Structure formats: structure tokens, C-alpha cells
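Spelled out, the chains give:
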Amino acid sequence: MRENHPSTNSEDDHRSSLLDLARAEITESSSSSSSSSSKTRTCTGLPGTGSGSGPMEFQAPFPDQVLENVLENVLHFLSSRRDRNAASLVCRSWYRAEALTRSELFIGNCYAVSPRRATARFSRVRSVTVKGKPRFADFDLMPADWGAHFSPWGAALAQAYPGLEKLHLKRMSVTDDDLALVAASFSGFRELVLVCCEGFGTRGLAAVAGKCRLLRVLEVVESVVEVYDDDHEVDWISCFPESETHLESLVFDCVESPVNFAALEGLVGRSPCLKKLRLNRYVSMSQLYRLMLRAPQLTHLGTGSFSATEGDQEQPDYASAFAACRSLVCLSGFRDIWADYLPAIYPVCANLTSLNLSYADVNALQLKSIICHCHKLQILWVLDSIGDEGLQAVAATCKDLRELRVFPVNTREESEGPVSEVGFEAISQGCRRLESILFFCQRMTNAAVVAMSKNCPDLVVFRLCIIGQYRPDPVTQEPMDEGFGAIVMNCKKLTRLAMSGLLTDRVFEYIGRYGKLVRTLSVAFAGDTDLGLKYVLEGCPNMQKLEIRDSPFGDGALRAGLHHYYNMRFLWMSSCKLTRQACQEVARALPHLVLEVINSEAAAVDDIEILYMYRSLDGPRDDAPKVVTILH
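Sequence order as written defines the numbering, with residues in each chain counted from 1. Reporting of local features is limited, given that this is a predicted model, to residues whose pLDDT is at least 70; pairs of side-chain atoms are given and counted only at 80 or more, and all residues count toward the totals for whole chains, interfaces and linings. Only heavy atoms go into the side-chain values, all of them from the structure, while hydrogens and water stay out.

## Focus on helix 14 (residues 364-371)
Okay, step 1: Listed as buried for helix 14 are Ala 364, Leu 367, Ile 370 and Ile 371. Along the long axis of helix 14, the arc covered by the buried residues comes to 125°, so they all point the same way.
Okay, step 2: Here a residue-residue contact requires only that any non-hydrogen atoms of the pair lie within 4.5 Å. A run of H or I in DSSP counts as a helix once it spans at least four residues, and a run of E counts as a strand once it spans at least two, with each numbered from the N terminus. Along its buried surface, helix 14 packs onto helix 13 (346-349), strand 12 (354-356), strand 13 (379-383) and helix 15 (387-397). Type-normalised accessible area, obtained with a 1.4 Å probe on protein chains alone, sets the label of each residue: buried when under 20%, exposed when over 50%, and partly exposed for intermediate values. Throughout, the arc means that of the directions going from the helix axis to the C-beta atoms.

## Some thoughts on the environment of Thr 119
Okay, step 1: Along the chain, Thr 119 turns up in helix 6 (residues 115-121).
Okay, step 2: C-alpha separation for the pair Thr 119 and Trp 153, spaced 34 residues apart in sequence, amounts to 9.6 Å.
Okay, step 3: Beyond its immediate sequence surroundings of up to four residues, Thr 119 is in contact with Ala 156, Leu 157, Ala 160 and Tyr 161.
Okay, step 4: Within polar-contact distance, the side chain of Thr 119 engages the backbone oxygen of Arg 116 at 3.2 Å. Polar contact criterion, stated in full: a pair of N or O atoms within 3.5 Å, where within protein one must be able to donate a hydrogen and the other to accept it, and residues adjacent in sequence count only if both atoms are side-chain atoms.

## Some words on the packing of aromatic side chains
Okay, step 1: Pairing of aromatic side chains here covers Phe, Tyr and the six-membered ring of Trp, requires ring centres within 6.5 Å, and sorts the geometry by plane angle: under 30 degrees stacked, over 60 edge-to-face, intermediate tilted. Evaluation of the coordinates by the stated rule reveals 22 aromatic pairs.
Okay, step 2: Look at Phe 424 and Phe 462: their rings are 6.3 Å apart centre to centre, the planes differ by 80°, and that puts the pair in the edge-to-face class. Taken as a pair, Phe 424 in helix 16 (residues 421-430) and Phe 462 in strand 16 (residues 461-466) lie far apart in primary sequence, 38 residues in all.
Okay, step 3: Residue Phe 462 is classed as buried on the basis of its relative accessible area of 0%.
Okay, step 4: Through a chain of ring-to-ring contacts, three or more aromatic side chains come together here, namely Tyr 111, Phe 136, Phe 139, Trp 146, Phe 570, Trp 572, Tyr 612 and Tyr 614.

## Some remarks on the environment of Lys 492
Okay, step 1: Inspection of the secondary structure puts Lys 492 in the loop between helix 18 (481-490) and strand 17 (496-499).
Okay, step 2: Linking Lys 492 and Asp 458, residues 34 residues apart in sequence, is a C-alpha distance of 7.3 Å.
Okay, step 3: With residues near it in sequence (within four places) discarded, Lys 492 still touches Pro 457 and Leu 517.

## Some remarks on the nonpolar core
Okay, step 1: Among buried residues, the Ala, Val, Leu, Ile, Met, Phe, Trp, Tyr and Cys ones that are joined through side-chain atoms within 4.5 Å form a nonpolar core. With 179 residues, the main nonpolar core has Leu 264, Phe 322, Phe 462 and Leu 558 as its most contacted residues.
Okay, step 2: Those residues in contact with Phe 462 that lie beyond four places of it in its chain are Phe 424, Ile 437, Val 449, Met 452, Phe 484, Ile 487, Leu 494, Arg 496, Leu 497 and Ala 498.
Okay, step 3: Residues Ile 379, Trp 381, Phe 440 and Ile 467 belong to the second largest nonpolar core, which totals 7 residues.

## As for the pattern of salt bridges
Okay, step 1: What makes a salt bridge here is a side-chain nitrogen of Lys or Arg within 4 Å of a carboxyl oxygen of Asp or Glu, nothing more. On inspection of all chains with the given rule, the structure shows 24 salt bridges.
Okay, step 2: Asp 400 serves as the salt-bridge partner of Arg 433, at 2.8 Å between the closest nitrogen and oxygen. Placement of Arg 433 in the loop between helix 16 and strand 15 (436-441) and of Asp 400 in the loop between helix 15 and strand 14 (403-407) is noted, with a sequence separation of 33 residues between them.
Okay, step 3: Judged by relative accessible area, which is 47%, Arg 433 ranks as partly exposed.
Okay, step 4: Of the residues examined, Asp 400 reaches a relative accessible area of 17% and is grouped as buried.
Okay, step 5: A salt bridge links Arg 559 to Glu 585, with the nearest nitrogen and oxygen atoms 2.9 Å apart. Remark: Glu 585 occurs in helix 22 (residues 580-589) and Arg 559 occurs in helix 21 (residues 555-559); sequence separation between them is 26 residues.

## What to know about the pairing of strand 21 (residues 593-598)
Okay, step 1: Most of strand 21 is tucked away: 6 of the 6 residues are buried.
Okay, step 2: Burial along strand 21 is two-sided: the face carrying Leu 593, Leu 595 and Val 597 and the face carrying Val 594, Glu 596 and Ile 598 are both buried.
Okay, step 3: Sheet topology note: the strand 21/strand 22 (residues 610-615) ladder contains 6 bridges and is antiparallel. Paired with Glu 596 across the strands is Tyr 612, a residue of strand 22.
Okay, step 4: Pairing of strand 21 with strand 23 (residues 628-631), which is carried by 4 bridges, proceeds in the antiparallel orientation. In this scheme, strands are said to pair when DSSP sees at least two bridges between them.

## A word on helix 15
Every α-helix winds through 3.6 residues per turn, so residues three or four apart in the chain are directed the same way.
Okay, step 1: Of all 11 residues in helix 15, 8 are buried, a share of seventy percent or more.
Okay, step 2: Buried within helix 15 are the following residues: Gly 387, Asp 388, Gly 390, Leu 391, Ala 393, Val 394, Ala 395 and Thr 397.
Okay, step 3: For helix 15, the secondary structure elements touched by its buried residues are helix 14, strand 13, strand 14, helix 16 and strand 15.

## A short note on the environment of Glu 98
Okay, step 1: Position of Glu 98 relative to the elements: it lies in helix 5 (residues 92-101).
Okay, step 2: Its relative accessible area of 1% is what places Glu 98 among the buried residues.
Okay, step 3: Sequence separation between Glu 98 and Ser 88 is 10 residues; the distance between their C-alpha atoms is 5.8 Å.

## Quick word on the confidence of the model for the protein
Okay, step 1: Known as pLDDT, the predictor's confidence for each residue is given on a scale from 0 to 100. For the protein, per-residue confidence averages 88 on the pLDDT scale, and residues scoring 70 or more make up 86% of the total.
Okay, step 2: Every residue in residues 3-60 scores below 50 in pLDDT, and together they form 119 contacts with partners more than four places removed in sequence or on other chains.

## What to know about the packing of helix 10 (residues 261-269) against helix 11 (residues 285-294)
Okay, step 1: Note on geometry: axes are lines fitted to C-alpha atoms, helical ones only across the stretch in contact, with angles between N-to-C directions running from 0 to 180 degrees. The contact between helix 10 and helix 11 brings their axes to 8 Å, and the two run at 20°. Looking at the two axes, helix 10 sits roughly parallel to helix 11. Considering only the axes of helix 10 and helix 11, their crossing is right-handed. Residue-level inspection shows Phe 261, Leu 264, Glu 265, Val 268 and Gly 269 of helix 10 in contact with helix 11, the latter providing Gln 287, Arg 290, Leu 291 and Arg 294.
Okay, step 2: Looking at the contact of helix 10 with helix 11, its residues break down into 4 nonpolar, 2 polar and 3 charged. Convention used here: angles under 35 degrees read as roughly parallel, angles over 145 as roughly antiparallel, angles from 65 to 115 as roughly perpendicular, and any remaining angle as oblique. Left-handed describes a crossing in which the near helix is turned anticlockwise from the far one by less than a right angle; the clockwise case is right-handed. We call Asp, Glu, Lys and Arg charged. Ala, Val, Leu, Ile, Met, Phe, Trp, Tyr, Cys and Pro are nonpolar, and the rest, Gly among them, are polar.

If you want it as C-alpha cells, here you go:
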């Protein structure tokens, strides 16, 4: 899936704020009795206390109480989740003060902690982020009914946080009733973001639009929005208040149903604070033109279809509409693109910092006509249809590029592919400030990857997806070990790595030796023996998320991580060589881990098709479907 709002920072790179609760609670319970006994005393000598005779005595607050008040004031300025987690482990008073001052709650795995425990621990939260299914759910590697239901979280939040203002959900199962509960429970609700979610439709969106009068942000991104039959479809755009709104961001590009354009035009017109607007493919170019005339203050625009419809009789001056949007810095959309309309965006290209063409099948010539104006561009998402020539044009112009994603038009393994090491190396030579790259291709050389590691040492995210299994360097026929090894050796800031191609245990040795900051590692069709994974599990102390599929790692590799699994968010292994006996041993050795075995109905009893292992403070969940077996 392609999120339609590029970002150089990912919350997946951070640990859940609640997953250190276990250690924090141990700290609290083991605190010295002296630090707690003094806090039970109360000041004497106040009016109405004592004997009532003689002058009133005044006693200053206890030193510990003063320190706690100061600490709470200081912690209000501490925004980093990692720093807050560390502070909460110092002692009992710090643990309590940190809980009282936390306003933002981040749950990296909805099953890692129960809603009851989370809301009991943090009582003054205004913003909540909850993530559900692991990333491989995006590739249909998990059963559709696996879980990640928002309902228990919604009920708990509604009861505990009546003042909740923001809710961000990712890969969660959300129903219309859930959204109706959110809309009815929080009088000051301002922000709802649903990324890669499913289970809801326009009825739920209508409830939020109609009841949340202070709503500023409504973003539905890469989600599966239910399409009802005609009798049940809801005109959700018309549910927004008829008066002037507080909307700052409205994103619905993934909603696969037409919208009431007259209502949308009216909504945009009475939303003077609107900065971000991303439209679905049912909004045509002529309609986009009318919306842009009403909202020249936009900074982020998703264009919808970027093509005309049969009913369009006139051809407005699209370039003038874009030129009027002087604040525009981010462009996306371009679905069903008509290349003849591309010149319309030329007037804003000079100011663009983000351009998403990942739904636009444009060729090198068409891209060059745009990119030559984009000297300020920092984020670029494209299809590989631009070819190596298009990438060379990007390298020649976009010297400040920080993030590049190149998606494939055709994922067939036997195809040659329009991008290769030629365009890849050109990017490394021209865009030396690059921090994040996702690159799909059919061929790649070690030399090009080594060049990338030397030319772009600030890389934090490196994801190279060579389509096809076990593909070597096409020039030398050697494994791709040296290329990926150079990435972990030369890119000292690297935290996320995804590998593919022909890879042996040697590359894992490089990762274990040099990848000390790597937190997320994704591996497919790689490795020789269990020794490869042992290198990683024993050498990468910051590893948080380990995703492995179709690789030869077995029981020995699994056991190698016993010392580290409690420090990880999750381990995913599918189509490997695990046995149920070894998985059972891990479950017994680490009782605070949840080991889920996900097998198809045709699988044998002892088969391990998928192992999904994660830490949890509350033990196994109670909503697992039949295809999931939880080992105890």
C-alpha cells in the first residue's frame, strides 16, 4: 500500500510508550518505603487543626512534594516518548509524575497492553495513537479476520478520556458504530486519522462530520471504505456544519464512491482554515478547478482523477488556478492522469517540497517537463515508468531531495524492468542529502549500492526490493552481500533496512557487526543457515521489529534471540523452517511474550506457516480466530 502523505519520519521507528510499563511498575513496587511514607503525612497548624489555642503555626511543604511539583512542570516540556519512558523508570515519584503529565498516548501494538491498563496508567491524555495489524497485512499475508478491533479501545477511551481531542488509528478494524461512539463521546474532538483501516463506511464518516463541531482534521488514508448499496449509501459530505467550519485538513482519496460535489464545493468555501485537501478519483479536473478558486490558501493538494469527464464541456484555465495557490508546497493524486494536463502544474513546481506521482503512469519525457522546475523538492514518489532517464533528470535537478520512493508498474519477475542500477547510482551522485529510499527494480549491482552508501551517508531508511527470488549481481553473478554490507558500514544513522536479492549469511554478519542502530529489518528469500539470523539477534541491540519471510531460518535461529525478545516489539517469521516444539519452548521460557501460530486450514498440526510473536503486559488476547493458535 502507498500512503498518500509522504513523510520522512515514521512512527514505526519508535517504541510504544506503554511497552516499558512492566519495568516501570517493578520500579514503583520496589521503591523504598521511606520515599512513600513521607507522602502520607499532611501539614499541621492550618486553620481548624490542632488544639485551637495559641498562635497558628505554618509548616512549609515537604521537600519531596516541592520536587514532585517541579518535576511535573519540567516533564510537561518533555515530548520524546523514549525520554519519557526513561524518566518513568527512575523512581516511584518520577513514574507517577510522568503519568500525570503525559497528554499523548502511543500504542504500537493494540494487543501489547489492554485498554483498561492504559487508561488507568495515564489519566490526562488528549491524543491517542493505536496501531493494529503488522505491516505484512498490507500484502495479504494475514487472514482477513485476524483481529485488531478498535471496539474495546473505543469503549475504554470514551469512558476514561471525555476530553480526548485526537485519535490516530493504523491497520485497525473500525466499524461505523465505533466512529459513531467517537463522535458522540468527545465534545472537543478535533482530529481523526485512519490509515490502512477497514470495516467502516460513509455512515461512520457522516457521524464524525455531523457531530464533531470542532473538527479540524479528517483524514482517511489507504483505508478500505465499505461501499453500501444505493439505498444505504450516505451523503457524508453534506453532514458537515452549514456554518463556517474549523477544518484544516480533509483527505478522502481512498473513498471509492462518488461525493456530492455541490456539498463539497460549499464545504471548501466555508472552511477558511483549510490547508490540506486530497480528493478521490470521482472529482474531475473541472471540479478541481472550481475548488481551487475557492481555496487559494491550500498548502497540500491531492488532485483526484486529473482527467476530464464526459460531462465537461468547458476547458478552464487550470494553470491560472494553480498559479493562484501561491502557498502550495505538496502535490499528490494524479489518478487516471491525462498527460496533456500536466503543464497546468508548472506554475507551482518551483515551490514544491513534496510531489507524489505514485499513481501517475508518466514516462521520462513527461516527468522531465515537470521535474526541471522542482529545485526545492525534498520528497518524491514515482512509478518506475519514468525509467533510468527520469531518475537521471531527478538527480540533475533535485539536489535537496531527502526521500525517494520508486514503485513498480509491473511486478512480474520475468520482466526486464525500466529502472536499474543506472538510475539508482545517478540518484546517489546527484542527491547526496538523501535520508530515505524505497526502490523497486528487477536488477541491481553491488557497485551501485556501494556507491549509494558512500555518496549518501545520511541514509536513515534503506529499502531495496529486487523483484524476483535470489537474484545476484547481474554483472559479477555474485551475491548482493557486499552492497548491503556497505550500507550498514557507511550509513551510520541507519535505523530501517529491507533487503532482497541473492544474499548469504555473510550479509547478516555485516548487519550484526555494524548495524548497531538498526531498529527494523525486513528480509525475504535470503540467508543460508541459522547462523545468519544469530548474527543479527546477537549483534543488533536496538532491534525492535524483525520481519522474515521465505528464508531457511529454523529453530536454532529462533532460540538465538531469547535474550532479546523482551526488548523487541515483534518478530514475524513466515514460510521458514520452524517447528512447533521450538516455538513451544520459547513460549515457556518467555511467559510475557505472546506467540501466535497462524496456519491455513490445510496445514498439518505441527506446521508453522506464520509465527507472529510480540510482548504483552496482559497475556494472550481473547478474540483470536480459529486459524490462530496461541502457544502457552
